[in-house]
Amino acid sequence: MDRILRGIMRYRVLDRASMVKQFEQVKDNPVPKAIFYTCMDSRMIPTRFTETSVGDMFVVRNAGNLIPHSEAFIDEMTSCEPAGLELSCIINNVRHVIVCGHSDCKAMNLLYDLRSKKESSVEQRRISPLKSWLCTHAQSSLKKFLEMKGDFNKPMLFSAETPQRKFVAYIDPENNFCIEDKLSQVNTLQQVQNVASYGMLKKRLEKHDLHIHALWFDIYTGDIYYFSRRAKRFVIIDESTYESILAEVRRYYS
């Protein structure tokens, strides 16, 4: 708390005035363009690595950047994540839903351990809210991951904006990342499928008026990857790929 309080005092001196000006500019008519789902990991600072500012996007964070499938809830209205979809996509009419996973995700590392029946037992879930959360809402990711049987040269298939629209994904074909990070990438793509399960988004998704994207952040290098449906894989966003990724976004998601 000492550090937080000192930070607040520095903010008052250095940043408060300029931030108040930004608040004044958007207070009556903020126009966010996206909702950004990411992990609650303390190393993830999405507004910093996307260079976004006041009023630019909604941000929802939880353990493992999960958006529970609509089947988990009665009437699709019983948790923060779908409530975020309604607030952003229905009430505020944003056009882009972004899911961002990351490397060395503690939730995904634990999910990998939950392959063990002992670790995922009812007794364990009763004493661990985190295990219960993952066992309830990340099982589809783990199941899809285990179906690969360690052979990530094979393609994976995910549903996209509608059940008829699907996309193929190759997970870490260069084998640059550890097995838990591969699971994290699978999980990130599974959330694209989960977002599309919500009936309240159906019309906008069918009309291509709402788009779902997947990003993945390597916390050790600072590199950010964009899932390219054209390349069928996560592609690093850098000086050599930016133009092609931007062209893909404009072509498929404009």
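Residues numbered from 1 in each chain as written. Predicted model: local features only at pLDDT ≥ 70, side-chain atom pairs only at ≥ 80, totals over all residues. Heavy atoms only, no water.

## As for the sheet that holds strand β3 (residues 96-102)
Step number 1: Strand order across the open sheet formed by 6 strands is β2-β1-β3-β6-β7-β8, with mixed pairing between neighbours. Each having just a single partner strand, β2 (57-62) and β8 (233-236) make up the two edges of the open sheet. Geometrically, the sheet is characterised by an average inter-axis angle of 25° between neighbouring strands, direction not taken into account.
Step number 2: Bridge analysis of β3 against strand β6 (residues 211-217) gives 7 bridges, and the strand direction is parallel. (Pairing = 2+ DSSP bridges. Helix = DSSP H or I, 4+ residues; strand = E, 2+ residues; numbered from the N terminus. Axes fitted to C-alpha atoms, helices over the stretch in contact; angles between N-to-C directions.)

## Describing the nonpolar core
Step number 1: Membership of the largest hydrophobic core comes to 49 residues, with the highest contact counts inside it found for Leu85, Val97, Leu134 and Leu189.
Step number 2: The contact partners of Val97, leaving out residues within four places of it in the chain, are Ile35, Tyr37, Leu85, Cys89, Val195, Leu210, His211, Ile212 and His213.
Step number 3: One finds Ala34, Met44, Ile224 and Tyr226 within the second-largest nonpolar core, a separate group that totals 14 residues. (Core = buried A, V, L, I, M, F, W, Y, C linked by side-chain atoms within 4.5 Å. Buried < 20%, exposed > 50% of the residue type's maximum accessible area, 1.4 Å probe, protein only. Contact = heavy atoms within 4.5 Å.)

## What about the pairing of β8?
Look at any regular strand and the pattern is simple: side chains alternate between the two faces of the sheet.
Step number 1: Relative to β8, strand β7 (residues 224-228) is paired through 4 bridges, and the arrangement is antiparallel. Residue pairing in the sheet places Tyr225 in a bridge with Ile236 of β8.
Step number 2: Here β7 folds back onto β8 in antiparallel fashion, the turn holding 4 residues, of which Lys232 has a positive phi close to 65°.

## Looking at the UniProt feature "binding site: Zn(2+)" (unreviewed entry) in the protein
Step number 1: The UniProt entry lists Cys39, Asp41, His102 and Cys105 under the feature "binding site: Zn(2+)" (unreviewed entry), expressed in the numbering used here. Taking the farthest pair of C-alpha atoms as the criterion, the annotated set spanning 67 residues converges on one region, since that pair is 9.1 Å apart.
Step number 2: Mapped onto the elements, Asp41 comes out in the loop between β1 (34-39) and α3 (46-49).
Step number 3: Residue class for Asp41 comes out buried when judged on its relative accessible area of 10%.
Step number 4: Once you skip the residues sitting within four places of it in the chain, Asp41 turns out to touch Arg61, His102, Asp104 and Lys106.
Step number 5: Here Cys105 lies in the loop between β3 and α5 (106-113).
Step number 6: The contact partners of Cys105, leaving out residues within four places of it in the chain, are Cys39 and Gly64. (UniProt positions renumbered as here; feature names shortened; annotations may be inferred.)

## Some thoughts on the side chain of Thr38
Step number 1: One can find Thr38 in strand β1.
Step number 2: For Thr38, a relative accessible area of 0% gives the class buried.
Step number 3: In this structure the side chain of Thr38 is engaged in a polar contact, spanning 3.0 Å, whose partner is the backbone oxygen of Cys100.
Step number 4: In contact with Thr38, other than residues within four places in its own chain, are Met44, Pro46, Val60, Arg61, Asn62, Asn65 and Cys100. (Polar contact = N/O pair within 3.5 Å; in protein donor to acceptor, adjacent residues only side chain to side chain.)

## Considering the packing of aromatic side chains
Step number 1: Per the counting criterion, the structure on display carries 10 aromatic pairs.
Step number 2: Relative to Phe145, the ring of Tyr112 has its centre 6.0 Å away and its plane inclined at 80°; by these criteria the two rings are edge-to-face. One end of the pair, Tyr112, is in helix α5; the other, Phe145, is in helix α8 (residues 139-147), with 33 residues separating them in the sequence.
Step number 3: Looking at Tyr112, the relative accessible area reads 16%, which means it is buried. (Phe/Tyr/Trp six-rings, centres within 6.5 Å; stacked < 30°, edge-to-face > 60°.)

## Observations regarding the state of the cysteines
Step number 1: Within the structure shown, the criterion is met by 0 disulfides.
Step number 2: You can see Cys89 has no disulfide; the closest cysteine sulfur is in Cys80, sitting 13 Å from it.
Step number 3: Counting only cysteine sulfurs, Cys105 is the nearest neighbor of Cys178, a cysteine outside any disulfide, at a range of 11 Å. (Disulfide = S-S within 2.5 Å.)

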